[in-house]
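What follows is each chain in one-letter form.
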Amino acid sequence: MTPQHSHPAAPRTLSRPRTLSRLHGRRRVAAAVALAVALPLGAAAPAAADARFPSTEGSGSLAAVRTHDDVVQELQKLERTSRYGVEAFTLAEAGMQVSTSEQGRDLWVATVGTGEEHVWLQGRIHGNEPYGTDALLTLLKDLGSNGSPEHELLRSTFTFHVIPMYNPDGAEANIRHTVLWDQVAGAPEGGTPQRIDLNRDWTPTGFAADESLAFYEYWTTVDPAWGIDIHHQGLKQEAGTGDDVTLSLGISLAPGGPTLPGLQDGAYDVLTRQMQVHVYDELARYGFINTDRYQVGGSYEIDIRGGVVSAMMMGLDHAGMNPEGHSHPVVFFETSGNTSEGSLGQKARGRSVQQNVLAVKELLLGLATGEVQQEDPERWAEIPHQPVTGYSTDWAGTIPVG
Ligand SMILES: [Zn+2]
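Attention in this report is confined to the structure presented alongside it. The residue numbering used here restarts from 1 in each chain and proceeds along that chain's sequence as written. Residue-level local features of this predicted model are given only where pLDDT is at least 70; pairs of side-chain atoms are given and counted only at 80 or more, and the full residue set underlies all totals for whole chains, interfaces and linings.

### Focus: the overall build of the protein chain
Inference 1: A count of helices and strands for the protein chain gives 11 helices and 15 strands.
Inference 2: The buried share among the 402 residues of the protein chain stands at 50%.
Inference 3: Residue pairs at least 24 apart in sequence account for 77% of intrachain contacts in the protein chain once pairs closer than 6 positions are excluded. What counts as a helix is a DSSP run of H or I of at least four residues, what counts as a strand is a run of E of at least two, and both are numbered from the N terminus. Exposure is read from a count of other C-beta atoms within 10 Å of each residue's own; the residue is exposed at 12 or fewer, buried at 20 or more and partly exposed in between. C-beta atoms are placed from the backbone. Residues are defined as contacting one another if the C-beta atoms placed from their backbone atoms lie within 7 Å.

Quick look at the structure:
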């Protein structure tokens, strides 16, 4: 199949006048210039299949996908060369009791920024979803060295905890999961490989995999105020228009669903929608990005309580390690094109990574300026999506709507 797409050259607008963005128009334009240095401004959207778009044509080279060693080298280089104090360290160095992957690989974090609010930025919890790694390393490089007012604002408002490769074992094997491992025997625990989805493994009853406990303990020492999680999905078309979607905006506990409205008196039900409405608006200015709302199987909203970012919103207290029940809002992004279906695209890597960098930066700038908190959460309903038929959960199967 040859994907066709005909995005309008002008940014799409939603119905509500964007008063706030107009007030901040000058800053927004300056930010757009600063953020889009690598991209031709106002570039017209492609009118036909484009090798730079994710597609099944030319299956895309895994040679460009970063390995764990690549990540470690890049983190150490950024620590050496950054102007604004990037620190890269392993969870063992951070003093976590469990500190490596199932197969014994070091788990790495990098920090940058001096702000009081801590931000958790996580990529590649699914090992076969590579571009969270690339996007977060790019972002870390920018935050570590870019002297622009926008980056200065981000560094002075926030302290970032960047996890470019949450699942190094899965990344090395190019699989979604991690495999429970007997390090003494050097073989899968119990002989038969038991695959654990790390994004269903933060549960009240504990953690199956070492990666989960290690990052959970680290999370309890950070107490973030915000979080972002980067994933991949298959190729997807926008409801109604049929345009190819390049990025889907997700909230892992469905707004208005069975879980989120009950947290913090509904505060996260509002904040997460405001976060994604803001990202949707800001990304509409870039012709090569087409966003919609993340859904499961076409028409279900996701509601997974064992997802890492869900557990963060629910304030998971495992074994008394988070006794105050600290919690915070988190959203996730899903890049279209994945390794499993050979649909990363032949030359789409640059744009696929860049859209995540832009999405994260726009969201962070919006949080730093307070623009996010001024958005109308009800406009979440205007982000393109299929009519909702139910909730896809990891705790009660599929729950039909109404
Ligand atoms: Zn994923």
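The rest of the description comes next.
### Quick word on the sheet that holds strand E12 (residues 300–303)
Inference 1: Only when DSSP finds a minimum of two bridges between them are two strands counted as paired. The sheet built from three strands is open, its strands ordered E12-E14-E15 with mixed pairing. Bordering the open sheet on either side are E12 and strand E15 (398–400), each of which pairs with just one other strand. On average, each strand axis in the sheet is tilted by 25° relative to the strand beside it, whichever way the strands run.
Inference 2: Bridge analysis of strand E14 (residues 390–393) against E15 gives three bridges, and the strand direction is antiparallel. Across the sheet, residue Gly 390 finds its bridge partner in E15, namely Pro 400. In this description, a line fitted to the C-alpha atoms serves as the axis of each element, helices being fitted only across the stretch in contact, and the angle between N-to-C directions of two axes falls anywhere from 0 to 180 degrees.

### Description of unusual backbone geometry
Inference 1: Even without a glycine there, the phi angle at Asn 174 is positive, about 50°.
Inference 2: Tracing the sequence through the fold places Asn 174 in the loop between helix H6 (168–173) and strand E5 (178–179).

### Description of the pairing of E14
Inference 1: Only one face of E14 is covered, namely the face carrying Tyr 391 and Thr 393; the face carrying Gly 390 and Ser 392 is uncovered.
Inference 2: Bridge count between E12 and E14: four bridges; the pairing is parallel. Within the sheet, the bridge partner assigned to Glu 301 lies in E14 and is Tyr 391.
Inference 3: Once E14 ends, the chain turns through four residues before running back antiparallel as E15, passing Gly 397 with a positive phi of about 65°.

### Concerning the environment of Gly 325
Inference 1: With respect to the helices, strands and loops of the structure, Gly 325 is situated in the loop between helix H9 (308–314) and strand E13 (330–336).
Inference 2: The exposed category is assigned to Gly 325, around which 9 C-beta atoms lie within 10 Å.
Inference 3: Setting aside chain neighbours within four positions, we find Gly 325 in contact with Gly 315 and Asp 317.

### Comments concerning the sheet that holds strand E11 (residues 291–293)
Inference 1: Strand order in the open sheet made by the eight strands is E1-E2-E4-E3-E9-E13-E10-E11, with mixed pairing throughout. Of all strands in the sheet, those bounded by a partner on one side alone are strand E1 (87–90) and E11. Ignoring strand direction, the axes of neighbouring strands in this sheet form an average angle of 20°.
Inference 2: Strand direction decides the pairing type here: strand E3 (residues 117–123) and strand E9 (residues 226–233), joined by five bridges, are parallel. Bridge pairing in E9 links Gln 122 to Asp 229.

### Details of helix H5 (residues 149–157)
Inference 1: Listed in full, the buried residues belonging to H5 are His 151, Leu 154 and Arg 155. Take H5 and look down its axis: the buried residues cluster within an arc of 95°, on one side only. Exposed positions of H5 whose direction lies more than 90 degrees from the buried face are Pro 149 and Glu 152. Along the arc lie the directions from the helix axis toward the C-beta atoms.

### Observations concerning the packing of helix H3 (residues 68–81) against helix H4 (residues 131–145)
Inference 1: Packing of H3 against H4 leaves a shortest axis separation of 11 Å and a crossing angle of 10°. Considered as vectors, H3 and H4 are oriented roughly parallel to each other. Listed contacts from H4 to Val 71, Glu 74 and Leu 78 of H3 are Thr 133, Leu 137, Leu 140, Lys 141 and Gly 144. Between 65 and 115 degrees an angle is taken as roughly perpendicular, under 35 as roughly parallel, over 145 as roughly antiparallel, and anywhere else as oblique.

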